[in-house]
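What the coordinates show
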Amino acid sequence: AGYKFFKDNLVVVGKGRVNSIFQFFCYDFIIEEKDSGRAVGVINLHDIDFTKDIGYIGYWLAEDVWGKGYGTEAAAAFVDFFFKKAGIKVIYALCHPKNTASYKLLEKIGFLPDGEKEDSYFAEREDDTKTALLLRYKLTSAEFFSKAGQ
């Protein structure tokens, strides 16, 4: 079964699946502009552990939509959806320390710094090293809804 939800400027469409390479459950969504229907990015919840009600958010946006607020809009709608509909209690995010726009987006919707984490998946796309030290962010459903006033 697929999911679709609408926001001010975006339509977010996706479904759950088991990642065949890494063997974890994830939900992958395409971010589309509402007016044009053009796909402008992807967002997912991955490394989901339903026994602990946690997961990790990941996202990517086309360069031509950077700075338009689409990432913030999609990420806020996405975490709202998973907190309300899937019973997830904590969502984590990893980002490279040089990716200022990414961690500012996370902070804007309520994520707080939660240390650092070595991660080899991201490192393979950077400098061919085995691991990279990434910033880790955390958002609980209680923090999200208290900030949103819901």
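Residues numbered from 1 in each chain as written. Predicted model: local features only at pLDDT ≥ 70, side-chain atom pairs only at ≥ 80, totals over all residues. Heavy atoms only, no water.

**A look at empty space enclosed by the protein**
We count it as follows: Both site types are read off a 1 Å grid over the protein atoms alone. A 1.4 Å probe that fits but cannot get out defines a cavity, while an open set with protein on both sides within 12 Å along at least five of seven lines defines a pocket; lining residues have an atom within 4 Å of a point. Grid points are joined across faces, edges and corners, and a volume is the space filled by probe spheres set on the points. What counts as a helix is a DSSP run of H or I of at least four residues, what counts as a strand is a run of E of at least two, and both are numbered from the N terminus. Gly counts as polar in this scheme, as do all residues outside two lists: the nonpolar Ala, Val, Leu, Ile, Met, Phe, Trp, Tyr, Cys and Pro, and the charged Asp, Glu, Lys and Arg.
For the structure shown, the criterion picks out 1 cavity of 30 Å³ or more. Lining the largest cavity we find Ile31, Ile43, Tyr59, Leu61, Gly71, Ala74, Ala75 and Leu105. Listing elements by their share of the lining of the largest cavity, those giving two or more residues are strand S5 (54-61) and helix H1 (70-85). Broken down by element, the lining of the largest cavity gets its largest block of residues, 3 residues, from H1. Along the lines of polarity and charge, the residues of the lining of the largest cavity split into 7 nonpolar, 1 polar and no charged.

**Some points on the packing of aromatic side chains**
Any pair of aromatic rings gets described here by the distance separating the centres and the angle formed by the planes. Using the following cut-off: Pairs were defined over the aromatic rings of Phe, Tyr and Trp, the Trp ring being its six-membered one, requiring ring centres within 6.5 Å. Orientation was assigned from the angle between planes: stacked under 30 degrees, edge-to-face over 60, tilted for the rest. Summary of the burial criterion: residues with accessible area below 20% of their type's maximum are buried, those above 50% are exposed, and those between are partly exposed, where the area comes from a 1.4 Å probe applied to protein chains only.
The tally for this structure, following the rule as stated, stands at 11 aromatic pairs. With 5.2 Å between their ring centres and 75 degrees between their planes, Phe144 and Phe145 make a pair best called edge-to-face. Here the two residues Phe144 and Phe145 agree in accessibility, since each one is buried. An aromatic cluster of at least three residues, connected via ring pairs, comprises Tyr27, Phe29, Phe78, Phe81 and Phe82.

**Topic: the nonpolar core**
Test applied: What is meant by a nonpolar core is a set of buried Ala, Val, Leu, Ile, Met, Phe, Trp, Tyr and Cys residues, joined one to another through side-chain atoms within 4.5 Å. The criterion used for residue contact is that any of the two residues' heavy atoms lie within 4.5 Å.
Core analysis: the biggest nonpolar cluster contains 33 residues, and Ile57, Val79, Phe82, Ile91 and Phe111 have the highest contact counts within it. When contributions to this core are tallied by element, the ones reaching two or more residues are strand S3 (25-33), strand S4 (39-49), S5, H1, strand S6 (90-95), helix H2 (100-108), strand S8 (132-140) and helix H4 (141-148). Element by element, the count of residues in this core is highest for H1, at 8 residues. Residues within four places of Phe82 in sequence aside, it is in contact with Tyr27, Phe29, Leu45, Gly87, Ile88 and Ile91. Residues Tyr56, Leu94, Ala132 and Leu134 belong to the second largest nonpolar core, which totals 7 residues.

**What to know about the pairing of S5**
We apply this condition: Note on pairing: two strands pair once DSSP finds at least 2 bridges between them. Here a crossover is taken to be right-handed if, once the strands point away from the viewer, the path from the first strand over the helix to the second is traced clockwise.
Judged by how many residues are buried, S5 sits mostly within the fold: 6 of 8 residues are covered. Judged from the 7 bridges that link them, S4 and S5 form a sheet pairing that is antiparallel. Note on S5: the bridge partner recorded for Asn44 is Gly58. The hairpin formed by S4 and S5 contains 4 residues between the paired strands, and Asp53 there has a positive phi angle of roughly 60 degrees. Sheet analysis places S5 next to S6, joined by 4 bridges and oriented parallel. The partner of Ile57 across the bridge, within S6, is Ala93. Handedness of the crossover joining S5 and S6 through H1 is recorded here as right-handed.

**Brief notes about a nonpolar patch on the surface**
Here is the rule: Exposure above 30% relative accessible area and the lack of any salt bridge qualify a residue for a patch; like charges then connect within 9 Å, and the nonpolar side chains Val, Leu, Ile, Met, Phe, Trp and Tyr within 5 Å. The method behind every accessible area is Shrake-Rupley, applied with a 1.4 Å probe, and residues are considered shielded solely by the protein chains displayed. Each salt bridge in this description consists of a side-chain nitrogen of Lys or Arg and a carboxyl oxygen of Asp or Glu lying within 4 Å of one another.
Together, Ile30, Val42 and Trp60 line one region of the surface with nonpolar side chains, adding up to about 300 Å² of accessible area. Tracing the backbone shows Trp60 in strand S5.

**Section: H1**
What counts is decided by this rule: To estimate the expected span of a helix, subtract one from its residue number and multiply by 1.5 Å.
Spanning 16 residues, H1 covers 22 Å between terminal C-alpha atoms, matching the ideal 22 Å at 1.5 Å per step. The buried fraction of H1 amounts to 13 of the 16 residues, a majority that puts the element mostly inside the structure. Two residues or fewer after H1 comes Gly87, characterised by a positive phi angle close to 75 degrees.

**Quick look at the confidence of the model for the chain**
Going by this rule: The pLDDT value expresses, per residue, how confident the predictor is, ranging between 0 and 100.
On average, residues of the chain score 80 in pLDDT, and 74% of them are at 70 or above. Per-element averaging of pLDDT across the chain places strand S1 (residues 2-6) at the bottom with 52 and S6 at the top with 95.

**Details of unusual backbone geometry**
One non-glycine residue, Asp47, lies in the positive phi region at around 50 degrees. By secondary structure assignment, the location of Asp47 is in strand S4. The backbone phi angle of Asp53 is positive, close to 60 degrees, even though this residue is not glycine. Positionally, Asp53 belongs in the loop between S4 and S5. You can call Asp53 partly exposed: its relative accessible area is 24%.

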